[in-house]
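# Examination of the molecular architecture
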Amino acid sequence: MARLRDWVSIQTLAMKLAALLVLVMIPASAWYAWSTLAHQEKMALEVKAMAAGQGAEAPWTYNSALPVVFGSGSVLGFLDAHPVARITIIYRPILWTVSERFVLIESEGRQYAYYPSDMETKILADKAVTAPWGSKLSFVPQAALDSASKDMLARLEQRFGDARPQSEQDAWKGGVSALVSATLTLGLIAFLWYQTGGQRKSLKFIAPAQISGGLDDLVGMDDIKAEVAQIRDQYERRLEYAAYGVNKPFNVMFSGPAGTGKTKLASYLAKELNLPILFHSAANLETGYVAGGSNTLSRILALAKRRKRCIVFLDEAQDLFMKRGGNRKYDDDTQNMLLAILDGVRTKSDTEIIWIVASNFNSANLQMDEAMLRRFQMKVDFRMPNQQERLAITGHYLRQRADKVLPDLDLRHFGELTEGCSPADIETMVNQAGIIAVQSGQMIGAHTLMQAAERVLVGNVNDNTTKERERDRRIIAVHEWGHFLMDFHHQHKLAGGNWETLQADMNTIKISLKANPRNNALGFVLHKQDSNLLKTKADMEHEVRVLLGGMANEELFFGEDGTTGGAHNDITRVTRLLHHAVAEMGMYRRTRLNYAALVKDGGTAPPDEETRSIMEAQSERLFGETKAVLAQYTGLTEHLTGCLMRAGEMTLSQALGEIRRFEFLAAPALLEAGQGTGQLLPA
């Protein structure tokens, strides 16, 4: 009944009138069918009453020897005026309660045929009990007649065709009316079941008791939870806030990267306030029909108003925040409807609806519609967790399966690896670690977590793609060591030769020759995300050198004609970095101007001639510097390439160990040859 009331509240007037008409037709047709069949039942009982005095041994005969003539006047008048030898009633069942009756009265050497009306049948039945001719009644079923008698009856039926009793004429109407009533009933039930069932799936309010978990399950994000606590306080003490003039509708905007807990926080808020909540994706507002999105919003509003106190959560609402205008008319209709709703949710009936609209909208890159922005009295900006919060989140998910986790687990490296990951990503990694542990029959440990992180961050890898191709494996190894050695060279200088500091500061985790289908790479270097929130010009140049290291190393070992297309992704990223530095940050220019900001609506435009010239010059300079640095490591690259081709993949500690081993073994040989002081690595 609750779903039915919800369905009625969101329907148009025409649909409500149609449903009301069907509801009226069901009892009306049922009543007509019942009254018709009841009348026919009454007639059948009267026919039976006519046979009450016959006795069980009464003969069922039809005297075919006498001629049959059509009687004139009424049956009762003839019976009162003429001597009667026998009254034969030939009947045929029509329905289960209706019969067709021919009356043959034998009198003075003839049989007089009558087809009595309903009224005459009733009077005949009443008088048969006391009349002198009542004992002369005889009933003969039409099916028991011979062929000659049936031919005679066929002629009689043709004669009386226009004078049948009304009850027999209406027999089919009663049956049809009953069928219509049953069909309408079943059809209406099926229609409402289908309608409310579809509504239950797409527009269903979830009761607070159905929500599992609570705010305590959101580890970290104390600043965001404080914002939610303010919403709760304002809602619970709205009368006190209204005394200070704070009486706007409860419209809240959640924005931030995907997987940061926007949906969970909305559900936990509903549980805290003991309010039902409706979850709906704004991307599914459009139904494919004109005004589909605005109509869906109208239905949602009708459902919310019926409950008066509830939360409506619209997720993935990026498009609703875009500026209106242009060729997006239907989207504009949806936005306009949402603007009207958010502007006047509070009504005189004290309807208290909290609208939470969540999106991944990045206001730094895209311009938000100003009218939409003004509708929200509170904005909660979600962020990625820091390292301490990531460790707390990981510990929270591990405690849920504590009996399958090794004790005293060191999560420091896992926390560094998950830099830039959302809570949802971390949950996925812990779940993946559980899957790996089950498959291997082990407990969840640090190694299992690192495997799971690699699976989530890198994807599926395999070593069969290049297993039998030594040439390709060598090129890939040289390429990947180019990336690694450029980062190693930079961090080695910063660490001042301290290998412990070097290992702690390097972002590299693993160098692998396994193919990665996710980005069509034949090898990869797995590294931690850079934790620096602000990048300097030197940081950008170092990142460019690391990216160019793969192609530079290929050119050193195989010549310019031997370079491959494996550096395609590296070159793409270098181009974007240099464009950002030159066109957007104004680096390498005499003026600090961002020409990209002049492009309308956040689009992109080809760089102008000056920007291209600066980008090309800086790319050439940085590539030359990268190649010069790697030229000093050719011997080390040969050694590391051989190690990697034998092992297939190497961790950072293994790579640094091989570098130190190579330095130790090569230094005496260099001294004997008179090549310096034995210092292998450039100072």
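Residues numbered from 1 in each chain as written. Predicted model: local features only at pLDDT ≥ 70, side-chain atom pairs only at ≥ 80, totals over all residues. Heavy atoms only, no water.

## With respect to helix α10 (residues 262-273)
For α10, which comprises twelve residues, the first-to-last C-alpha distance of 17 Å matches the rise-based estimate of 16 Å (1.5 Å per residue) to within 8%. Buried within α10 we find Lys 262, Leu 265, Ala 266, Ser 267, Tyr 268, Leu 269, Ala 270 and Leu 273. Positioned one or two residues after α10, Asn 274 has a phi angle of 55°, which is positive. (Helix = DSSP H or I, 4+ residues; strand = E, 2+ residues; numbered from the N terminus. Expected span 1.5 Å × (residues − 1). Buried < 20%, exposed > 50% of the residue type's maximum accessible area, 1.4 Å probe, protein only.)

## A look at the pairing of strand β9 (residues 309-315)
Among the seven residues that make up β9, six are buried, leaving the element largely enclosed by the rest of the structure. The pairing of strand β8 (residues 277-281) with β9 spans five bridges and is parallel. From the neighbouring strand, Phe 279 faces β9, where its bridge partner is Phe 313. Bridging between β9 and strand β10 (residues 352-359) involves six bridges; their strand directions are parallel. Across the sheet, residue Leu 314 finds its bridge partner in β10, namely Val 357. (Pairing = 2+ DSSP bridges.)

## Some words on the packing of aromatic side chains
A ring pair, where both rings are aromatic, is described by two values, the distance of the centres and the angle of the planes. The final tally for this structure, using the stated rule, is nine aromatic pairs. When the ring of Trp 481 is compared with that of Phe 484, the centres are 5.2 Å apart and the planes differ by 85°; the resulting orientation is edge-to-face. Of this pair, Trp 481 and Phe 484 both sit in helix α18 (residues 470-495), separated by three residues, roughly a single helical turn. Judged by relative accessible area, Trp 481 falls into the buried class, the value being 0%. Taking relative accessible area as the criterion, Phe 484 reaches 1% and is therefore assigned buried. A network of ring pairs unites the aromatic residues Trp 481, Phe 484, Phe 488, Trp 499 and Tyr 633 as a single cluster. A cation sits over an aromatic face here: Arg 238 above Tyr 235, 4.6 Å from the ring centre. (Phe/Tyr/Trp six-rings, centres within 6.5 Å; stacked < 30°, edge-to-face > 60°. Lys NZ or Arg CZ within 6 Å of the ring centre and 35° of its normal.)

## Let's talk about the sheet that holds β10
Read across the open sheet, the six strands follow the order β6-β8-β9-β10-β7-β11; overall the sheet is mixed. The sheet is open, and its two borders are formed by β6 (205-206) and β11 (378-381), each paired with just one other strand. Pairing of β6 with β8, which is carried by two bridges, proceeds in the antiparallel orientation. By the bridge assignment, Ile 206 is partnered in β8 with Ile 277. Lying over the sheet, helix α8 (residues 222-236) contacts β7 (250-255), β9, β10 and β11, oriented at roughly 155° with respect to β11. Packing of α10 onto the sheet brings it into contact with β7, β8, β9 and β10, and relative to β9 it is tilted by some 180°. (Contact = heavy atoms within 4.5 Å. Axes fitted to C-alpha atoms, helices over the stretch in contact; angles between N-to-C directions.)

## Some words on helix α16 (residues 423-440)
If you check α16, its first and last C-alpha atoms are 26 Å apart, about what 18 residues at 1.5 Å a residue would give, namely 26 Å. For α16, the complete set of buried residues consists of Pro 423, Ile 426, Met 429, Val 430, Gln 432, Ala 433, Gly 434, Ile 436 and Ala 437. Those residues of α16 hidden inside the fold are in contact with α14 (387-399), α15 (412-417) and α17 (446-457). Gly 441 sits one or two residues past α16 and shows a positive phi near 70°.

## Focus on unusual backbone geometry
In this structure, Asn 274 takes a positive phi of about 55° despite not being glycine. On the basis of relative accessibility, which here comes to 56%, the residue Asn 274 falls in the exposed class. Here Asp 408, not a glycine, exhibits a phi torsion of approximately 55°, which is positive. Of note, Asp 408 is situated in the loop between α14 and α15.

## Let's talk about the nonpolar core
Residues Trp 481, Phe 484, Leu 485, Phe 488, Leu 656 and Ile 659 are the most contacted members of the largest nonpolar core, which totals 42 residues. The set of elements that each furnish at least two residues to this core consists of α18, α19 (499-505), α20 (537-558), α21 (568-584), α22 (609-631), α23 (634-647) and α24 (652-672). It is α18 that contributes the most residues to this core, eight residues altogether. Residues Leu 278, Leu 285, Trp 355 and Ala 371 belong to the second largest nonpolar core, which totals 29 residues. (Core = buried A, V, L, I, M, F, W, Y, C linked by side-chain atoms within 4.5 Å.)

## Focus: the sheet that holds strand β12 (residues 508-512)
The strand order across the open sheet formed by three strands is β13-β12-β14, and the pairing between neighbours is antiparallel. Two strands bound the open sheet, and with one partner strand each, they are β13 (524-527) and β14 (649-651). Going from strand to strand, the sheet's axes swing by 15° on average, the running direction of each strand aside. Inspection of the sheet shows β12 paired to β14 by three bridges, in the antiparallel sense. Within the sheet, the bridge partner assigned to Lys 510 lies in β14 and is Thr 651. α23 contacts β12 and β14 of the sheet and is inclined by roughly 115° relative to β14.

## Focus on the environment of Asn 569
Here Asn 569 lies in helix α21. A C-alpha to C-alpha distance of 9.0 Å links Asn 569 and Leu 547, two positions 22 residues apart in sequence.

## As for the packing of α14 against α16
Between α14 and α16, whose axes approach to 10 Å, the crossing angle comes to 40°. Of the possible angle classes, the one that applies to α14 and α16 is oblique. Crossing hand, α14 versus α16: right-handed. Contacts from Arg 390, Ile 393, Thr 394, Tyr 397 and Leu 398 of α14 reach α16 at Pro 423, Ile 426, Glu 427 and Val 430. Looking at the contact of α14 with α16, its residues break down into six nonpolar, one polar and two charged. (Parallel < 35°, antiparallel > 145°, perpendicular 65-115°, else oblique. Left-handed = near helix turned anticlockwise from the far one by under 90°. Nonpolar A, V, L, I, M, F, W, Y, C, P; charged D, E, K, R; others polar.)

## Some details on the pattern of salt bridges
Applying the stated criterion across every chain yields a total of 20 salt bridges. Between Glu 541 and Arg 545 there is a salt bridge, and its shortest N-O distance comes to 3.5 Å. Residue Glu 541 and its partner Arg 545 are located together in helix α20, separated by four residues, close to a single helical turn. Grouping residues by exposure puts Glu 541 and Arg 545 together as buried. Residues joined in a network through salt bridges with shared partners are Glu 541, Arg 545, Arg 621 and Glu 625. (Salt bridge = Lys/Arg side-chain N within 4 Å of Asp/Glu carboxyl O.)

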